[in-house]
Amino acid sequence: MTAWNASPLRRFAHREWGPLFRTVRTALVRDKWRAIPLTIGAVCLTSVFQIVQNTSWGFQPVQNLGSVKAVDPLWLALLRTPLSLFVPALDLPVWGALAQILLVFGISEICIGWWRTLLIGYVATLAGTTYARIGLALGHDHPFGLPVSDRIVNDTGPSAAVVGLAIYVCWRYRAYLTGALVILAMIGEVLVKDNLAGKEHLAAIAAVMAVCVLRAQWHPVRPRAALGQPPPP
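Each residue is numbered by its place in its chain's sequence as written, counting from 1. Two thresholds apply to this predicted model, a pLDDT of at least 70 for residue-level local features and 80 or more for giving and counting side-chain atom pairs, whereas whole-chain, interface and lining totals are computed over all residues. With hydrogens and water excluded, all non-hydrogen atoms of the structure serve as input to the side-chain values.

Caption draft 1: Structural view of the overall build of the chain. Strands here mean DSSP runs of E at least two residues long; helices mean DSSP runs of H or I at least four residues long; both are numbered from the N terminus. Along the chain, the regular secondary structure elements total nine helices and zero strands. When the helices and strands of the chain are read in sequence order from the N terminus, they spell out α-α-α-α-α-α-α-α-α. Using C-alpha atoms as the atom set, the radius of gyration is obtained and then compared with a globule rule of 2.2 Å times the number of residues to the power 0.38. Its C-alpha radius of gyration of 19 Å places the chain within 12% of the 17 Å reference for a compact globule of 233 residues. Considering only C-alpha atoms, the chain reaches an extent of 55 × 40 × 40 Å along its principal axes. Residues counted as buried form 43% of the 233 residues belonging to the chain. We call two residues contacting when some pair of their heavy atoms lies within 4.5 Å. Across the chain, the fraction of contacts at a sequence separation of at least 24, relative to all contacts at a separation of at least 6, is 74%. Here the open area of atoms and residues is found with the Shrake-Rupley method and a 1.4 Å probe, where only the protein chains shown may cover a residue. Accessible surface, the chain as shown: approximately 12,700 Å² in total, 72% of it carbon and sulfur. For the charge count, each Lys or Arg is scored as positive and each Asp or Glu as negative, with His and the chain ends excluded. Each charge is placed at NZ for Lys, CZ for Arg, CG for Asp and CD for Glu. Between the averaged position of the 20 positive side-chain charges in the chain and that of its 11 negative side-chain charges there is a distance of 16 Å. For each residue, the accessible area found with a 1.4 Å probe, counting protein chains only, is set against the maximum for its type, and the residue is called buried under 20%, exposed over 50%, and partly exposed in between.

Structure (structure tokens):
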């Protein structure tokens, strides 16, 4: 690679990911694993749920604790939502969910703090849950509707929270191209595989983008030069 080609790439990488990278690196060098206690707990809890739900006796208890479906009464869905983030999808390999949680939750916990990570994660998850009910009410013939069969499909587990957190952190640290690529990937997911999970991801993105707009109105984002520092507690 020539110097002419390398220089623009370096400038782009520095502009897009520099503040985010410096924040994460500083926290991990200083505190190591102590920088992400929430993330470690989430990975452990998801692993436990995966092990238990694959036993002969544990599937139904895990479903009762953290499985959310549109057919459930709203009060029951809300009651199960806090643990639903940590119940891995049955049709996907668990290592994918664990890798997503470790990477995205970890970056988010360092960059915006543990309680904001939980808050944004739950906003994204609740947006997906709410959309599922609205989509079923609209019906399969509506562009934003869902077929009746989706009423018994499990919600997305941790993936809606992961997508929402990725969008929020990209906005917060002005990695706008990366955030746009995440959105395009989720749109592509729906176009290729039109299922409940993909549409819930888009609902999560919409909800988190609304949060970003509201936060920008109330609390302007710090200048880019200040974003390389960990957030205040």
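Here the narrative resumes, following the displayed structure.
Caption draft 2: Representation of the environment of Leu-20 in the model. Tracing the chain through its elements places Leu-20 in helix α1 (residues 3-31). Separated by 155 residues in sequence, Leu-20 and Ala-175 have C-alpha atoms that sit 8.2 Å apart. Among residues more than four places away in sequence, those in contact with Leu-20 are Ile-107, Cys-111, Val-169 and Tyr-173.

Caption draft 3: Up close: the nonpolar core. As used here, the term nonpolar core means buried Ala, Val, Leu, Ile, Met, Phe, Trp, Tyr and Cys residues forming a set that is joined through side-chain atoms within 4.5 Å. Ranked by internal contacts, the top residues of the largest apolar core, which has 37 residues, are Phe-105, Ile-110, Cys-111, Leu-165, Tyr-168 and Val-208. Within the residue set of this core, elements represented by two or more residues are α1, α2 (37-53), α5 (94-112), α6 (114-138), α7 (159-172) and α9 (196-218). By residue number, the principal contributor to this core is α7, which donates 10 residues.

Caption draft 4: Region of the structure containing the layout of surface pockets. If you add up the space inside the largest pocket, you get close to 910 Å³. Only protein atoms enter the 1 Å grid used here. Points where a 1.4 Å probe fits but cannot escape make up a cavity, open sets with protein on both sides within 12 Å along at least five of seven lines make up a pocket, and a residue lines them when an atom lies within 4 Å of a point. Taken together, 38 residues line the largest pocket, and the ones lying closest to its centre are Leu-92, Gln-100, Ser-159, Val-163 and His-201. Looking at the lining of the largest pocket, the elements that each hand over two or more residues are α1, α5, α7, α8 (176-192) and α9. Here the term charged refers only to Asp, Glu, Lys and Arg, the term nonpolar to Ala, Val, Leu, Ile, Met, Phe, Trp, Tyr, Cys and Pro, and the term polar to all other amino acids, Gly among them. Taken together, the residues that form the lining of the largest pocket break down as 26 nonpolar, eight polar and four charged. Grid points are joined across faces, edges and corners, and a volume is the space filled by probe spheres set on the points.

Caption draft 5: Main features of empty space enclosed by the protein. With the rule as written, the count across this model stands at two cavities of 30 Å³ or more. If you add up the space inside the largest cavity, you get close to 90 Å³. Forming the walls of the largest cavity are 13 residues, and the residues nearest its centre are Gly-66, Val-87, Asn-154, Asp-155 and Gly-157. Considered as a void within the structure, the second largest cavity measures approximately 40 Å³ in volume. Looking at the lining of the second largest cavity element by element, the count peaks at three residues for α6. Residues belonging to the lining of the second largest cavity are distributed by class as follows: one nonpolar, six polar and two charged.

Caption draft 6: Fine view of the side chain of Glu-200. Secondary-structure assignment places Glu-200 in helix α9. Any Lys or Arg side-chain nitrogen located within 4 Å of an Asp or Glu carboxyl oxygen qualifies as a salt bridge. Despite its burial, Glu-200 pairs with no opposite charge; the closest candidate is Arg-133, at 8.5 Å N-O. Excluding anything up to four places from it in sequence, Glu-200 contacts Gly-128, Thr-129, Tyr-131, Ala-132, Asp-155 and Thr-156.

Caption draft 7: Highlighting the packing of aromatic side chains. Pairing of aromatic rings covers Phe, Tyr and Trp, the last through its six-membered ring, and needs centres within 6.5 Å; plane angles under 30 degrees mean stacked, over 60 mean edge-to-face, and all others mean tilted. Using the criterion set out here, one finds two aromatic pairs in the structure. Note on Phe-12 and Trp-17: the rings are 5.4 Å apart at their centroids and 80° apart in plane angle, and the pair reads as edge-to-face.

Caption draft 8: Up close: the packing of α2 against helix α3 (residues 59-66). Contact geometry of α2 with α3 gives a least axis separation of 7 Å together with a crossing angle of 140°. In terms of their interaxial angle, α2 and α3 are classed as oblique. Each of Phe-49, Val-52 and Gln-53 in α2 lies in contact with α3, whose residues at this interface are Phe-59, Val-62, Gln-63 and Leu-65. Between the N-to-C directions of two axes lies an angle of 0 to 180 degrees, each axis being a line fitted to C-alpha atoms and, for a helix, fitted only over the stretch in contact. When describing relative orientation, an angle under 35 degrees is termed roughly parallel and one over 145 degrees roughly antiparallel, while 65 to 115 degrees is termed roughly perpendicular and anything else oblique.

Function cannot be read off these values alone, since they describe shape.
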